[in-house]
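# Structural characterization, general
What follows is the residue order along each chain.
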Amino acid sequence: MSEPAESFTDEEYAFLRHVRFGELPARVRPEERLASIETDTRPDRPDPVGGESERHLRAGG
């Protein structure tokens, strides 16, 4: 009743991936990478007030 499953070759799988997802973006070289810099919180935003239970009450849960 059931027919055997057809198996694809590696080249066929590569073609199907290309059709589905397209080209990959160019690789980012190490000299093109930027270092991340940790910053402080924004000065225009107040510090969070209250504990976890108060945050749950404000969120309604």
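Anyway, here's the lowdown on the structure attached to this text. (Residues numbered from 1 in each chain as written. Predicted model: local features only at pLDDT ≥ 70, side-chain atom pairs only at ≥ 80, totals over all residues. Heavy atoms only, no water.)

## Section: the overall build of the chain
Along its length, the chain carries 2 helices and 0 strands. In the chain, buried positions account for 0% of the 61 residues. Carbon together with sulfur atoms contributes 54% to the accessible area of the chain, which is approximately 7,100 Å² in total. (Helix = DSSP H or I, 4+ residues; strand = E, 2+ residues; numbered from the N terminus. Buried < 20%, exposed > 50% of the residue type's maximum accessible area, 1.4 Å probe, protein only. Areas by Shrake-Rupley, 256 points an atom, 1.4 Å probe, with all protein chains shown as cover.)

## Thoughts on a nonpolar patch on the surface
On the surface, Phe8, Tyr13, Phe15, Leu16 and Val19 cluster together into a nonpolar patch covering about 490 Å² of accessible area. Examined against the element boundaries, phenylalanine 8 turns out to sit in the segment before helix H1 (10-21). Of the residues examined, phenylalanine 8 reaches a relative accessible area of 34% and is grouped as partly exposed. (Patch = residues over 30% accessible without salt bridge, like charges linked within 9 Å, V, L, I, M, F, W, Y side chains within 5 Å. Salt bridge = Lys/Arg side-chain N within 4 Å of Asp/Glu carboxyl O.)

## Quick notes on the pattern of salt bridges
Scanning the model with the defined rule gives 2 salt bridges in all. Note that arginine 29 and glutamate 31 form a salt bridge whose closest N and O atoms lie 2.5 Å from each other. Judged by its relative accessible area of 48%, arginine 29 falls in the partly exposed class. According to the relative accessible area criterion, glutamate 31 is exposed, its value standing at 55%.

## So, a negative patch on the surface
Together, Glu6, Asp10, Glu11 and Glu12 make up a region of like negative charge exposed at the surface. Position of glutamate 11 among the secondary structure elements: in helix H1. (Lys, Arg positive; Asp, Glu negative; His and termini not counted. Charge placed at Lys NZ, Arg CZ, Asp CG, Glu CD.)

## As for H1
Between its first and last C-alpha atoms H1 spans 16 Å; for 12 residues at 1.5 Å apiece the expected length is 16 Å, and the two agree. Of all 12 residues in H1, 0 are buried; the element is thus mostly exposed. Among the residues trailing H1, glycine 22 stands out with phi positive, at a value near 80°. (Expected span 1.5 Å × (residues − 1).)

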